[in-house]
Amino acid sequence: QVQLVESGGGLVQPGGSLRLSCAASGNIFSVNTMGWYRQPPGKERELVARITSGGSTNYARSVKGRFTIDRDNAKNTVYLQMNSLKPEDTAVFYCNVHIPGVVPLDYWGQGTQVTVSS
């Protein structure tokens, strides 16, 4: 069974930095996309960043230039380096593993809280 464990969330002041980690266990196959989504209070979940097994990245416009996603395929771990954090970044961040196919599969972590406040 696939399981995703997130870590690295917390409270940080505006302009600060945090680094999130997500370690996946179980059979997620070699070809997959790992990513981070977030859900601000009272809003829908949205894509923050994602990275393919080949290293191609995609970022939400709101975080491009501030956040960097990376992965370690040997460790089945994805990271999100968040710099220049803003209060509007406050959200529960969820790790995601997407396995493409005719019937695509998505696995989710339980979420880690990121709060940006002075």
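Rules behind the numbers
- Residue numbering note: each chain is counted from 1, following its sequence as written.
- Local features are withheld for residues below a pLDDT of 70 in this predicted model, meaning they are given only at 70 or higher, and side-chain atom pairs are given and counted only at 80 or more; totals for whole chains, interfaces and linings count all residues.
- The basis for every side-chain value is the complete set of non-hydrogen atoms in the structure, without hydrogens or water.
- Each helix is a run of H or I in the DSSP string that is no shorter than four residues. Each strand is a run of E no shorter than two, and both are numbered from the N terminus.
- We call two residues in contact whenever any of their non-hydrogen atoms come within 4.5 Å of each other.
- All accessible areas in this document rest on Shrake-Rupley with a 1.4 Å probe, and a residue is counted as covered only by the protein chains that are shown.
- By definition here, a salt bridge exists when the distance from a side-chain nitrogen of Lys or Arg to a carboxyl oxygen of Asp or Glu is within 4 Å.
- Here the term buried applies to any residue with accessible area under 20% of the maximum for its type, exposed to any over 50%, and partly exposed to those in between, with areas from a 1.4 Å probe on protein chains only.

K.L.:
Tell me about the overall build of the chain, and please be specific about residues and values.
P.N.:
Scanning the chain from N- to C-terminus turns up zero helices and 11 strands. For the chain, the sequential pattern of α-helices and β-strands runs β-β-β-β-β-β-β-β-β-β-β. If one aligns the C-alpha atoms of the chain with their principal axes, the spans along those axes are about 45 × 25 × 25 Å. Of all intrachain contacts in the chain linking residues separated by at least 6 positions in sequence, the fraction that spans at least 24 positions is 52%. Accessible surface for the chain amounts to roughly 6,500 Å². Of this, 47% is attributable to carbon and sulfur atoms.

K.L.:
So what about the pattern of salt bridges? Which residues, and what values?
P.N.:
A complete count under the given rule lists three salt bridges for this structure. We note a salt bridge from E46 to R38, for which the minimum N-O separation is 2.8 Å. Overall, the relative accessible area of 4% leaves R38 in the buried class. As a salt-bridge pair, R66 and D89 come within 2.8 Å of each other at their nearest N and O atoms. Of this pair, R66 sits in the loop between β6 (57-59) and β7 (67-72) while D89 is found in the loop between β8 (77-82) and β9 (91-99), placing the two residues 23 residues apart along the sequence. R66 gets classed as buried once you look at its relative accessible area, which sits at 12%. For D89, a relative accessible area of 1% corresponds to the buried category. A network of salt bridges, in which partner residues are shared, links R38, E46, R66 and D89.

Function cannot be inferred from these measures alone, as they are strictly geometric.
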